[in-house]
Amino acid sequence: MQLGLLVMFLFWAKTSLCVPQQNCHPGDEYLGRCSNSAYEEKPKCTELNLGYCNDLEYSRTIFPNILGHRTRLEAESGAEYLLLSVIHGLLNGECSPEIRLVGCSVLASPCRDDKMVKPCRSTCEALSKDCIHAFEAIEMAWPYFLDCDRFFASDQEGCFDPLAGLKARQEQALSSLSPQEPSTIIQFTYTSNAQMYSILKRTAAKCSHISHVYSIGRSTEGRDLLVIEFTNNPGHHELLEPEIKLVGNMHGNEVLGRQLLIYLAQYLCSEYILGNQRIQTIINTTRIHMLASMNPDGYELAASEGHLLNGWTNGRTNAQNIDLNRNFPDLTSILYRNRRSRHYRTDHIPIPDAYWFGKVAPETYAVMKWVRSLPFVQSASLHGGDLVISYPFDYSRHPLEERMFSPTPDEQVFKQLARTYADAHATMSNNDTERCGASFYRTRGIINGALWYSFAGGMSDFNYLHTNCLEITVELGCDKFPSEAELYPEWKRNKEALLSFLESAHRGIKGIVKDGNGNGIKDATISIRGVRKDVTTAEDGDYWRLLNPGTHIVTATAKGYSKVSKRVYLPHTMSKAGRVDFILQKVPVEPDIDDHLFPTADTWDRFDPYNQFEQYRDPDVGDSGREREEKPWWWNYFSQSFISPPTWLLRNV
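Note that the structure is a prediction, hence the values are computed from the model and not measured. (Residues numbered from 1 in each chain as written. Predicted model: local features only at pLDDT ≥ 70, side-chain atom pairs only at ≥ 80, totals over all residues. Heavy atoms only, no water.)

Relative orientation of the contacting elements helix H8 (residues 256-273) and helix H16 (residues 487-503) amounts to 65°, with a least axis distance of 10 Å. By the angle class used here, H8 and H16 are roughly perpendicular. You can see that H8 and H16 cross each other, and the crossing is right-handed. For the pair H8 and H16, contact is made by Leu256, Gln259, Leu260, Tyr263, Leu264, Tyr267 and Leu268 and by Leu487, Glu490, Trp491, Asn494, Lys495, Leu498 and Leu499, respectively. For the contact of H8 with H16, the class distribution of residues is 10 nonpolar, 2 polar and 2 charged. (Axes fitted to C-alpha atoms, helices over the stretch in contact; angles between N-to-C directions. Helix = DSSP H or I, 4+ residues; strand = E, 2+ residues; numbered from the N terminus. Parallel < 35°, antiparallel > 145°, perpendicular 65-115°, else oblique. Left-handed = near helix turned anticlockwise from the far one by under 90°. Contact = heavy atoms within 4.5 Å. Nonpolar A, V, L, I, M, F, W, Y, C, P; charged D, E, K, R; others polar.)

Following this line, the structure appears as C-alpha cells:
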C-alpha cells in the first residue's frame, strides 16, 4: 500500500509541479508539436475586437489562436500584430490592404461552433506570388505566420477566403460603370511607386494570357525595377518575333514618360480583350517590354515636391547622385579611336575592364544585364525638357566640339525611326510649334544627339555599340513635371506615336541562319554592304535587321561556316519585314589575324569581371569573431516597442 501511495504522489508531483521547457516556436503549440503551458485551455469563440483587424468579413474569432496567443491582449502585444499595423508604411502601400487582411485572418481566424476556420491556402499562395518581392525590396523575410503550408487550409478541408469581400467590392465598382463610358478606362493621375507596382501587377493578372511582370533588379534604395511584358506567349522568345523595349523615368524628375507607359500597359491589355484588331496584331506579332521607371528613387524625391515646386534637377539623379544617362560605358570614344582600322569592329564592342573600377549605379547595371539578355531590335527612352526626338550618336566625334553632327552607320534608319514617332505625334513635327527656346521646328522635330549637345556615357550609344538594338530618345515636352490636368492631353498627343513606334519594328528584313542539318546558328553575323554595323543571330539562329526601302547586299557569316550573300530589294510599299534565310555549310577553321584583334566569345560573355557594382564594405566583426550583420532600417520599429524582437523577419537568420 505504501508503494501505491508513493506512485500516486510521484504522478501528482509530475503533473502539477513540473513546468515544461519554454522551447516552442510560434504556432507550433497550436499544431500539437509542443506545449508551453502546464494545463490545456479549451478554445472558445469570442468577439473580434482587434483594432487593425475589425474590418474583416466576420465578427467572432477564437482564442487561443493558431499562433498560440491565449487572449486578445496577448495577440495585440505580439510582433505579428505590430507588423500588421505598420506594414502599409513599410511597403509604401504596396499589397495593401491584402497583406493586413490575410495576416489578420491568421491572427484572429473566424470561429464557428467553438471551432476555428483556417484561411485558404490558395489565397495565401497568390498573395505570396504577388507580394514577396515587396518584402525582398526592403530586405525583410516573408513573415512566418504567412507560411501557406503551416497555417492555411485547402478548399477541400473547408477554409475561409479573407479577400473575398475585397474582391467583391472591386468587381462591383467595375460593374457599376455605365456602358456609355469609354471601353478602356484609365485614371489619368500621378501614381506613387507603390501604386505603379500595383497597377502593373493587376494589369498583368487581368491579361495573364498576354502579359506578365518581372523585375530586372533593384534601385539603390531597394525599389524594384519592374518590367511589364506583352506578347502572345509571355515569358518566352518566339522565333522571328522582334523584341522592343520602352524605358521611362530614367531621370527621376522627368515623369511624363513614366505615366505614359503605365497608361499604355492598361490600354494594351484592355483593348486586346475588347477585340481591337490593331492592338491584337501588335501583341501577337511583337514582344514588348516596358520599364515604366528606371529611377524610382529619383521619382520619390521629385514627387515629394510636386510639379509646382519641382525644379529643373531635383530628383534627376539616382539616390547615389549619379546621372544614369551618363553612367553607361563610354564605347563611343573607343569606336572613334579605332574606327579607321579595319581590324577593329565597330559593333558589339565589349565593356572595357576599366569601367568597373568606376561607380556603377545598380540601376545602370540592371539595364545592362537586361539588354544583354534579350535580342532587342529597337528601343525608345522617354525623357522630358524639350519636344524633339534625338538619335545616336550622342557623343561628338570631336571631343572639343560641343555641337557636332556625329552620325552612326545607320543614320538613315535612325532618321526613319525618329520620323515615325515625331510624325505620329500630335504636335512634335509641326513647323509652328514652340520648341522650349530651341529651333527643332526646322528639322520637324528630330535631331542627331551630338548635334544638339554632346555627352558621353549615354544609354542610346551603349545600346547601339554593344548590342543589336537601335534606341532613340524621346523628349516629350518642355515641362519635365507637368500638372495632373495635362496628363490626359499628353496621352492623346502620344498614344498614336507610341503605337506607330511599336509597329515600326516590322521593317527591313528578318530570317533564320541554319547549318546544313537545319539547326539554327547562334551568334552568326548579318552584314549589310556599305553599313559598318553588323547584327548577330539569337539563340535559335533568328535575326532582325532594320532597313529602309531599297536594294541591299546582305551577307551571313559564322566562325567555322561558309559565307553566303544575297541581293535583297525592299519596295516602299512593304508593310512588314521581308524574310531572308541563310544556310551555311561547315568549313575548316583557319587561323586569322582577326582572331587576335576581334573580341572573342569569351570576352563578350565576361560581364562585370570585378563585380564592382556592389559597394564593398569591411565586415563588422563582433567580440565572438563572427561578422555582425547590420540591421535593416525598419528594425527600429520592433526593437524599441518593448516586445520580443522578431528575428524571424531578418533574412539572414
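It is worth spelling out helix H15 (residues 459-466) at this point. The element H15 is largely enclosed, with a buried count of 8 among its 8 residues. Turning to H15, its buried residues are Met459, Ser460, Asp461, Phe462, Asn463, Tyr464, Leu465 and His466. (Buried < 20%, exposed > 50% of the residue type's maximum accessible area, 1.4 Å probe, protein only.)

Position of asparagine 327 relative to the elements: it lies in the loop between helix H10 (296-309) and helix H11 (331-338). From its side chain, asparagine 327 meets the backbone oxygen of lysine 359 in a polar contact 2.9 Å long. Side-chain polar atoms of asparagine 327 contact the side chain of threonine 364, separated by 2.7 Å. Those residues within four positions of asparagine 327 in sequence are excluded, and the remaining contacts are Ile322, Tyr355, Lys359, Val360, Ala361, Thr364 and Gly457. (Polar contact = N/O pair within 3.5 Å; in protein donor to acceptor, adjacent residues only side chain to side chain.)

What follows concerns the pairing of strand E16 (residues 542-545). The alternating pattern of E16 places Asp542 and Trp544 on one face and Tyr543 and Arg545 on the opposite face, and all of these are buried. Across 4 bridges, strand E13 (residues 509-515) lies against E16 in antiparallel orientation. Counterpart to glycine 511 in the pairing with E16 is tyrosine 543. (Pairing = 2+ DSSP bridges.)

Attention now goes to the packing of aromatic side chains. Throughout the structure, instances matching the rule amount to 25 aromatic pairs. With 5.7 Å between their ring centres and 65° between their planes, tyrosine 267 and tryptophan 491 make a pair best called edge-to-face. Taken together, the residues span a long stretch of sequence, with tyrosine 267 in helix H8 and tryptophan 491 in helix H16 at a distance of 224 residues. The cationic tip of arginine 326 hangs over the ring face of phenylalanine 455; the distance from NZ or CZ to the ring centre is 3.9 Å. (Phe/Tyr/Trp six-rings, centres within 6.5 Å; stacked < 30°, edge-to-face > 60°. Lys NZ or Arg CZ within 6 Å of the ring centre and 35° of its normal.)

For the protein, per-residue confidence averages 85 on the pLDDT scale, and residues scoring 70 or more make up 84% of the total. Taken as a whole, residues 596-602 scores under 50 in pLDDT and shows 9 contacts with residues more than four places along the chain or in a different chain. In the predicted structure, residues 615-622 sits below a pLDDT of 50 and forms 10 contacts with residues beyond four places in sequence or in another chain. (pLDDT = per-residue confidence, 0-100.)

Spatially, E15-E14-E17-E18 is the arrangement adopted by the 4 strands of the open sheet, whose pairing is antiparallel. Bordering the open sheet on either side are strand E15 (531-536) and strand E18 (564-570), each of which pairs with just one other strand. Sheet twist, expressed as the average angle between the axes of neighbouring strands with direction ignored, equals 25°. Both strand E14 (residues 525-528) and strand E17 (residues 550-557) contribute to a ladder of 4 bridges, which runs antiparallel. For isoleucine 528, the partnering residue across the bridge sits in E17 and is valine 554.

On to the side chain of serine 460. When you line up the elements, serine 460 lands in helix H15. With residues up to four places along the chain from it excluded, the contact list for serine 460 reads Pro392, Asp394, Glu471, Ile472 and Thr473.

This part covers empty space enclosed by the protein. Evaluation of the coordinates by the stated rule reveals 4 cavities of 30 Å³ or more. In this structure, the largest cavity spans a volume of roughly 60 Å³. Surrounding the largest cavity, Pro375, Phe376, Val377, Asn468, Leu470, Val535, Trp544, Arg545 and Leu546 form its lining. Breaking the lining of the largest cavity down by element, the ones donating at least two residues are strand E9 (376-383) and E16. Taken together, the residues of the lining of the largest cavity break down into 7 nonpolar, 1 polar and 1 charged. (1 Å grid on protein atoms, 1.4 Å probe; cavity = no way out; pocket = protein on both sides within 12 Å on 5 of 7 lines; lining within 4 Å. Points joined across faces, edges and corners; volume = space filled by probe spheres on them.)

So, on to the state of the cysteines. Per the stated rule, a full pass over the model turns up 6 disulfides. One disulfide in the model links cysteine 45 with cysteine 111; its S-S distance is 1.8 Å. When the S-S torsion is -75°, as for the bridge of cysteine 45 with cysteine 111, the disulfide is left-handed. Taken as a pair, cysteine 45 in strand E1 (residues 44-47) and cysteine 111 in strand E3 (residues 111-112) lie far apart in primary sequence, 66 residues in all. When its relative accessible area of 15% is taken as the criterion, cysteine 45 is described as buried. On the basis of relative accessibility, which here comes to 10%, the residue cysteine 111 falls in the buried class. Sulfur-sulfur distance for the disulfide between cysteine 95 and cysteine 131 comes to 2.0 Å. Handedness of the cysteine 95-cysteine 131 disulfide follows from its S-S torsion of about -110°: it is left-handed. Here cysteine 95, found in the loop between helix H3 (79-90) and helix H4 (98-107), pairs with cysteine 131, found in helix H5 (residues 121-137); they are 36 residues apart in sequence, far enough to count as distant. Taking relative accessible area as the criterion, cysteine 95 reaches 11% and is therefore assigned buried. (Disulfide = S-S within 2.5 Å.)

Moving on, we get to the packing of H3 against H4. In the contact formed by H3 and H4, the axes pass within 9 Å of each other and the chain directions differ by 160°. Judged by the inter-axis angle, H3 sits roughly antiparallel to H4. Seen along the crossing, H3 lies across H4 with a hand that is left-handed. Mapping the contact onto sequence places Glu80, Tyr81, Leu84 and Ile87 in H3 and Ile99, Arg100, Gly103, Cys104 and Leu107 in H4. Across the contact of H3 with H4, the residue classes tally to 6 nonpolar, 1 polar and 2 charged.

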